[in-house]
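# Residue-level structure breakdown
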Amino acid sequence: MDGRAAWWRVGGPRGDGGRGAGSAAVPATVRAAVQAIAVAGLACTVAACDGSDDDVAAPPPPPVAVVDPCPAITSGGATPPVAAPYVCGIQVGVADLEKSVAFYKALGLQETGRLRRTDRDEVVLASPDGTGSHLVLFHHLDAAGRDYRRNPGKVVFYAKDAVAFGAGFARAGGVLSAPPVPYQGTLVGFGRDLDNNLVEIAQSATAVTAYLSAVGLGVSNLEAARTQYLGLGFQQAARLSVSKPDGQGGTTPWYDEYILVSPSRKGASVVLMTYTDGQPRNYTDVPVAVGLRVPDPAAFAQAAGAAGATVVSAPAASAEPVLGGLVTGTARDADGTLLHFHAAP
């Protein structure tokens, strides 16, 4: 008797349990298992199964965790409704994302989230006490050669002790090109981070931890840029002409700037900068973007268009799963700097 006959006879209708003369007794548990196999085989035949693993349904992918790309600023308290746009974050492109994250963490910032966007990876950083705007470091996912060292703007940090912050800046790998010195009643210094971004360090008696207090945007036409950003809802706070040491004990012109603030008094200042040192600068296609929270995205898009900005994408609920349906839009200012605006909570 071959094996197929033996299996077929297990659990058969005969009174001996399906075994012939001289056959070994088959336990009831084995008979039940074989019957289950036979039933499964019959079901597969009815369903026209081909016996391959392709018929096994793959488990659904895990849901994408929702991460806010530019969190609303709470500064430790509730977030009241805002009536004007404000800077929730500054996005800075970097050549090595993890090295830059480690650099800014060494300066006291904390990581609050990571996002895989359609074209880039982002890491959101913030001060420990929630003061100031967020620093969002990003790196593009494509293989195109990109120069992340072309930013003509700056990021400005306020610190309780500017000298100590500057020393930590150098220890972390930055270049402290001008250690903090007295300037207009405080201490101000300058350095360059790992991607040559200009970092201004200013001392603030009210700072508890170091925080991002301003974002500098290089612009080709200072007056025209001022007019455009006033049209976006910002207000002028000051105009400065900044000089730098000339190496001979004196100073030489460096750049002029307008400092603009949100009427909501939230978030970092916007500093519009035009260089006056006679050196050529690239003001277009820079690896920087500004994140804004706005009370009415549709109204902001309309104001942006009226101010001469280009609305790249009209505000709508984002299709990116990681954003969780956040209502967002994008515009470009006169120099092409991206402005990502999101509905304020």
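Further up the page is the structure itself.
Read on for a plain summary of the structure. (Residues numbered from 1 in each chain as written. Predicted model: local features only at pLDDT ≥ 70, side-chain atom pairs only at ≥ 80, totals over all residues. Heavy atoms only, no water.)

Before going further, it helps to examine the pattern of salt bridges. Using the criterion set out here, one finds 16 salt bridges in the structure. In this structure, the salt-bridge partner of Glu-257 is Lys-154, at a minimum N-O distance of 3.0 Å. Remark: Lys-154 occurs in strand 5 (residues 154–159) and Glu-257 occurs in strand 11 (residues 251–261); sequence separation between them is 103 residues. Lys-154 gets classed as buried once you look at its relative accessible area, which sits at 3%. Here Asp-256 ties to Arg-239 by a salt bridge, and the two come within 3.8 Å at their closest N and O atoms. In this pair, Asp-256 is assigned in strand 11 and Arg-239 in strand 10 (residues 235–245), connecting sequence segments 17 residues apart. A single network of salt bridges, built from pairs that share partners, joins Arg-117, Asp-119, Arg-120, Glu-122 and Glu-320. (Salt bridge = Lys/Arg side-chain N within 4 Å of Asp/Glu carboxyl O. Helix = DSSP H or I, 4+ residues; strand = E, 2+ residues; numbered from the N terminus. Buried < 20%, exposed > 50% of the residue type's maximum accessible area, 1.4 Å probe, protein only.)

Bringing helix 5 (residues 222–231) into the picture now. Taken as a whole, helix 5 has its buried residues at Leu-222, Ala-225, Gln-228 and Tyr-229. For helix 5, the buried positions fall inside an angular range of 125° around the axis, keeping them on one side. As for helix 5, its buried residues are in contact with strand 9 (211–218), strand 10, strand 11, strand 12 (269–275) and strand 16 (338–343). Where helix 5 begins, the capping side chain belongs to Asn-221, and its oxygen is found 3.3 Å from the backbone nitrogen of Glu-223. (Arc of directions from axis to C-beta. Contact = heavy atoms within 4.5 Å. Polar contact = N/O pair within 3.5 Å; in protein donor to acceptor, adjacent residues only side chain to side chain.)

Topologically, Asp-333 is positioned in the loop between strand 15 (327–332) and strand 16. Of the buried charged residues, Asp-333 lacks a salt bridge, with Arg-332 as the closest side chain of opposite charge at 7.4 Å. Only 2.9 Å separates the side chain of Asp-333 from the backbone nitrogen of Asp-335, close enough to count as a polar contact. Apart from the residues lying within four places of it in its own chain, the contact partners of Asp-333 are Gln-228, Tyr-229 and Ala-309. (Lys, Arg positive; Asp, Glu negative; His and termini not counted.)

Here the focus is the sheet that holds strand 11. The sheet built from 8 strands is open, its strands ordered 6-7-8-5-9-12-11-10 with mixed pairing. Of all the strands in the sheet, the pair left with one neighbour each is strand 6 (175–183) and strand 10. Across this sheet, the average inter-strand angle for adjacent strands is 25°, counted without regard to direction. Alignment of strand 6 against strand 7 (residues 186–192), held across 5 bridges, turns out to be antiparallel. The residue of strand 7 that forms the bridge with Ala-178 is Phe-190. Helix 4 (residues 162–171) rests against strand 5, strand 6, strand 7 and strand 8 (198–203) of the sheet, and its axis sits at about 150° to strand 8. (Pairing = 2+ DSSP bridges. Axes fitted to C-alpha atoms, helices over the stretch in contact; angles between N-to-C directions.)

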